[in-house]
Amino acid sequence: MDALTAVPFKVIVPAGADRIPWLEARRAGIGSSDPADILGVGGASAQHVYYDKIGALPLEDDNAGEAAFWGTRDEATTADVWAERNRSVVRRIGLIARKDTPWQMCTLDRQVRECPLRKDGAREICALEVKHRNAFVAGKWKRSIPDDVLAQVLWQIHVTGYSHIHVACRIGGIDYRQYVIWRKDHAELLEDVVTAVTRFWVGNVLARRVPALTGQENAERMLDLFEQLHPDRDGIAALDGPQAVQAEELLREYEFQRLIVKRAKQAQDAAKTRLIELLDDTEGAVLWARHTRAWGWDSTTKDGEPLVKTSIDMNALAEQYPDAYAACVRMKPVRRFAVGREHRLNEADLDRYEKGDGADAVSA
């Protein structure tokens with residue numbers, strides 16, 4: 001029996017197809033990169049996934065960056081190395097979906113035609129997930145794979161029906177590592193992932209209900225999302241009822257946290273000033289008999305060479321090279337988040353709040 005008819009999935013977009021049809025097809029369901037964001041362990045958020053699925057975001061991510069570009073280019077190399085080292089055969093098959101629930105999709109980096117773990121001569125088919133990460137996150141790949149990759153692989157196991165999936169990762173370009181994720185080792189977690197993703201697809205995407213924020217989202221990523229959704233802001237929103245009550249609470253919370261951060265920054269700066277004063281004309285200091293540097297000025301280096309901060313004199317550039325200035329410099333309106341004067345709190349409000357007088361004990 002052919003491998004693709006013996007398993008519970010079918011090919012939706014074949015390997016080698018243009019990228020746009022692949023991106024469009026992914027919007028009809030949940031792909032393998034989505035569960036991590038839905039579960040709150042990915043680089044984006046459930047709202048990112050929601051707005052993508054309803055077509056509110058561009059198909060192409062303009063902020064993917066160099067890491068994503070080189071990761072895609074190097075995928076074939078890492079997959080070939082895994083196949084060579086494990087004496088196996090791999091191939092691309094494209095975007096697939098479960099036959100019983102077509103919205104459950106994934107794109108396997110490679111299908112493994114003969115799993116190297118089978119020593120009895122049986123031809124078991126499984127898959128390979130390829131990752132590339134920088135050296136700063138090497139610690140997350142010591143004994144197993146990080147949570148975001150685990151969520152992705154478990155979703156692939158669910159879609160394919162495979163008993164396991166291999167993972168190959170190159171860290172910093174040269175540190176090669178490989179792992180095996182088994183269905184039986186994560187049976188309960190796999191069930192939880194499928195339940196949460198199904199609830200999101202039915203209760204949010206199909207119901208056109210925006211997922212609620214959890215408070216754990218990356219603020220910078222969320223602000224980028226809101227700017228994509230609302231690039232031409234205009235007018236004033238008049239909030240009333242429950243929305244107004246919620247907004248009042250959030251404004252107080254924002255103001256209290258602003259004052260707390262401001263006070264903490266002042267205390268930190270004061271301690272830093274005293275420490276630098278203690279250095280006198282030296283650049284570093286040790287404490288007692290530890291003989292280890294406690295604080296001081298460090299020069300940032302790369303490959304043994306000191307890094308130098310560069311800056312551009314925009315006025316000089318415009319004056320001496322007007323054509324280059326006009327060709328390269330883009331003007332963009334400056335916008336900042338601000339709280340209205342009548343809603344701003346002060347240090348006295350923070351003092352009362354910290355003494356336990358309550359968040360409502362604020363100046364009028």
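Treat the numbers as computed from the prediction; the structure is a model and nothing was measured.

*Asks:* I'd love a proper account of helix α3 (residues 46-53), names of residues and values included.
*Replies:* Taken across its eight residues, α3 has eight buried, putting it largely inside the fold. Residues Ala-46, Gln-47, His-48, Val-49, Tyr-50, Tyr-51, Asp-52 and Lys-53 constitute the buried set of α3. Against the buried residues of α3 lie α1 (19-26), α2 (34-39), α6 (187-206) and α7 (219-229). Directly beyond the C-terminal end of α3, a positive phi value near 80° is found at Gly-55.

*Asks:* Report on the nonpolar core, specifying residues and quantitative values.
*Replies:* Judged by nonpolar contacts, the single largest core of 41 residues is most densely connected at Ile-30, Trp-141, Ile-145, Val-153, Trp-155, Ile-181 and Phe-200. Mapped by element, the contributors of at least two residues to this core are α3, α5 (147-160), β7 (164-171), β8 (175-182), α6 and α7. Once residues lying within four places of it in the same chain are set aside, the contact partners of Trp-141 are Lys-131, Arg-133, Pro-146, Val-149, Val-167, Cys-169, Ile-171, Arg-177 and Tyr-179. Trp-82, Cys-126, Ala-168 and Tyr-176 belong to the second-largest nonpolar core, a separate cluster that totals 11 residues.

*Asks:* Quick rundown of the packing of aromatic side chains? Include the residues and the values.
*Replies:* Enumeration according to the criterion identifies seven aromatic pairs in this entry. The interplanar angle of 40° and the centroid separation of 6.3 Å between the aromatic rings of Trp-103 and Trp-155 together place this pair among those described as tilted. Here Trp-155 lies in helix α5 and Trp-103 lies in the loop between β3 (95-98) and β4 (105-107), a separation of 52 residues in the sequence. Relative accessible area serves as the criterion here: at 15%, Trp-103 is assigned to the buried category. Each ring, one from Trp-141 and one from Tyr-179, has its centre 5.8 Å from the other, and the planes form 50°; the classification is tilted. Here Trp-141, found in the loop between β6 (126-133) and α5, pairs with Tyr-179, found in strand β8; they are 38 residues apart in sequence, far enough to count as distant. Of the two residues examined, Trp-141 and Tyr-179, each falls in the buried class. Members of the aromatic cluster, joined through ring pairs, are Trp-103, Trp-155 and Trp-201. Against the face of Trp-22 rests Arg-26, its NZ or CZ located 5.3 Å from the ring centre.

Rules and cut-offs
Numbers given for residues are sequential positions, taken from 1 along each chain in its written order. Under the rules for a predicted model, residues below a pLDDT of 70 receive no local features and side-chain atom pairs below 80 are neither given nor counted, while totals for whole chains, interfaces and linings still include all residues. Heavy atoms throughout the structure, all of them, feed into the side-chain values; hydrogens and water do not. Per-residue accessibility, obtained with a 1.4 Å probe over protein chains only, is compared with the maximum for each type, and a residue is labelled buried under 20%, exposed over 50%, and partly exposed between these values. Where helices and strands are cited, they refer to DSSP runs of H or I of at least four residues and of E of at least two residues respectively, numbered from the N terminus. The contact definition used throughout considers only heavy atoms, calling two residues in contact when any of these lie within 4.5 Å. Side-chain atoms within 4.5 Å link the members of a nonpolar core, which is a set of buried Ala, Val, Leu, Ile, Met, Phe, Trp, Tyr and Cys residues. Each Phe, Tyr or Trp ring (for Trp, its six-membered ring) is paired with any other whose centre lies within 6.5 Å, and the angle between the two planes then decides the class: stacked below 30 degrees, edge-to-face above 60, tilted in between. Remark: a charge is flagged as sitting over a ring if the NZ atom of Lys or the CZ atom of Arg is within 6 Å of the ring centre and within 35 degrees of the ring normal.

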